[in-house]
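Listed below are the residues making up each chain.
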Amino acid sequence: MQALPPAIARLETLITAGAGDFVAGAALAQRIGIPTASLPGFIAELRRRRPDLVIEGKRGHGYRLVMPACSTPA
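The shown structure was predicted, so the numbers you read here are calculated from the model rather than taken from an experiment. (Residues numbered from 1 in each chain as written. Predicted model: local features only at pLDDT ≥ 70, side-chain atom pairs only at ≥ 80, totals over all residues. Heavy atoms only, no water.)

1. Details of the overall build of the protein chain
Then, in step 1: Scanning the protein chain from N- to C-terminus turns up three helices and two strands.
Then, in step 2: Secondary structure of the protein chain in N-to-C order comes out as α-α-α-β-β.
Then, in step 3: Evaluated residue by residue, the protein chain yields a buried proportion of 31% over its 74 residues.
Then, in step 4: A total of about 4,900 Å² of accessible surface is found on the protein chain, and carbon and sulfur atoms cover 58% of it. (Helix = DSSP H or I, 4+ residues; strand = E, 2+ residues; numbered from the N terminus. Buried < 20%, exposed > 50% of the residue type's maximum accessible area, 1.4 Å probe, protein only. Areas by Shrake-Rupley, 256 points an atom, 1.4 Å probe, with all protein chains shown as cover.)

In structure tokens form, the structure reads like this:
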């Protein structure tokens, strides 16, 4: 796995720490030190570099890591 640039690595940490709950985009941008308008580009870069992460964005809610559904054997 390739190393992420510092801002992208912090973004990954913050979204993962949300544990499936939405994290406001303004809060994410502030915590990684970028303008809020730049956040979608950083999210796109994180998705590109970590295709195993499923990140959902919802206007008015922010971004969250979509947790895989647990399936139990029948």
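2. Side note on helix 1 (residues 6–17)
Then, in step 1: Between its first and last C-alpha, helix 1 extends 16 Å over twelve residues, near the 16 Å set by a 1.5 Å rise per residue.
Then, in step 2: Listing the buried residues of helix 1 in full gives Ala7, Ile8, Leu11, Glu12, Leu14 and Ile15. Down the axis of helix 1, the sector holding all buried residues measures 170°, keeping them to one side. More than 90 degrees from the buried face of helix 1, the exposed residues found are Pro6, Thr13 and Ala17.
Then, in step 3: Packed against the buried residues of helix 1 are helix 2 (25–32), helix 3 (39–49), strand 1 (55–58) and strand 2 (62–65).
Then, in step 4: One or two positions beyond helix 1, positive phi appears at alanine 19, with a value near 50°. (Expected span 1.5 Å × (residues − 1). Arc of directions from axis to C-beta. Contact = heavy atoms within 4.5 Å.)

3. What about the side chain of glutamate 12?
Then, in step 1: Mapped onto the secondary structure, glutamate 12 falls in helix 1.
Then, in step 2: Here the side chain of glutamate 12 touches arginine 50 through a polar contact of 3.3 Å, side chain to side chain.
Then, in step 3: Ignoring any residue separated from it by four or fewer positions in sequence, one finds glutamate 12 in contact with Leu4, Leu46, Arg50 and Leu53. (Polar contact = N/O pair within 3.5 Å; in protein donor to acceptor, adjacent residues only side chain to side chain.)

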